[in-house]
Amino acid sequence: MSALQTLAVTNIQGNFAAIGYGLAAIGPGIGVGVIFGNGTQALARQPEAAGLIRQNQILGFVLCEALALIGLVMGFVYPVPS
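Residues numbered from 1 in each chain as written. Predicted model: local features only at pLDDT ≥ 70, side-chain atom pairs only at ≥ 80, totals over all residues. Heavy atoms only, no water.

### Thoughts on the overall build of the protein chain
Using the following cut-off: Note on conventions: DSSP H or I runs of at least 4 residues are helices, E runs of at least 2 residues are strands, and numbering of each starts at the N terminus. The cut-offs for exposure are 20% and 50% of the maximum accessible area for each residue type, with area from a 1.4 Å probe on protein chains only; residues under the lower value are buried, those over the upper are exposed, and the others partly exposed. Should any heavy atoms of two residues lie within 4.5 Å, those residues are counted as being in contact. Each accessible area is a Shrake-Rupley result for a 1.4 Å probe, and residues are judged covered by the shown protein chains and nothing else.
Assigned secondary structure in the protein chain consists of 2 helices and 0 strands. Counting every position in the protein chain, which comprises 82 residues, the buried fraction comes to 13%. Contacts spanning at least 24 positions in sequence make up 71% of the contacts within the protein chain whose residues lie at least 6 apart. When the accessible surface of the protein chain is totalled, it reaches about 6000 Å², and 72% of it is carbon and sulfur.

Here it is as C-alpha cells:
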C-alpha cells in the first residue's frame, strides 16, 4: 500500500471516528439534561431531601459521562488497516 493510500485510509478512519463520537455523545448529553432537570424539579418540591437528591444526581452524571468517555475511546481502539 502506498503512502497516499495509507493517508487516505487514515483520514477516512479519523472521520468515521469523529462521526461515531458525535453520535455517542448525543445519548449522554440528553441523559445529563434529564438528570439535572428532574433533580432541580425534585429539589423544588422537597428541599429537605437535598442531600439524597444531590447524591443521586452526581451518581447519574458520573455514569452518563462514563458512557461519553467510552464513546471517545472507541474511536482510538481499532487500528488503521495497513
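The structure having been displayed, the exposition proceeds.
### Here we look at a nonpolar patch on the surface
Applied cut-off: Patches were defined on residues exceeding 30% relative accessible area and lacking a salt bridge, with like-charge contacts within 9 Å and nonpolar side-chain contacts (Val, Leu, Ile, Met, Phe, Trp, Tyr) within 5 Å. Note on definitions: salt bridges are taken to be side-chain nitrogens of Lys or Arg within 4 Å of carboxyl oxygens of Asp or Glu.
A grouping of Tyr21, Leu67, Leu69, Ile70, Leu72, Val73, Met74, Phe76 and Val77 is seen on the molecular surface, where their side chains present a nonpolar patch of about 870 Å² in accessible area. Following the sequence through the fold, valine 77 ends up in helix H2 (residues 50-77).

### Things to note about H2
Under the convention used in this document: By this rule the span expected of a helix is its residue count minus one, scaled by 1.5 Å.
Counted at 1.5 Å a residue, the expected span for H2 with its 28 residues is 40 Å, and the 40 Å between its end C-alpha atoms agrees. Residues Ala50, Ile53, Gln57, Gly60, Cys64, Ala68 and Gly71 constitute the buried set of H2.

### Considering the environment of leucine 59
Here leucine 59 lies in helix H2. Looking at leucine 59, the relative accessible area reads 51%, which means it is exposed. Distance from leucine 59 to isoleucine 35, taken between C-alpha atoms, is 9.8 Å for residues 24 residues apart in sequence.

### Points about the environment of valine 77
Owing to a relative accessible area of 43%, valine 77 belongs among the partly exposed residues under this scheme. Taking C-alpha positions, valine 77 is 9.9 Å from alanine 17, a pair spaced 60 residues apart along the chain.

### Looking at the environment of alanine 42
With respect to the element layout, alanine 42 can be found in helix H1 (residues 3-45). Of the residues examined, alanine 42 reaches a relative accessible area of 26% and is grouped as partly exposed. Each C-alpha atom, one on alanine 42 and one on arginine 54, is 9.8 Å from the other, the two residues being 12 residues apart in sequence.

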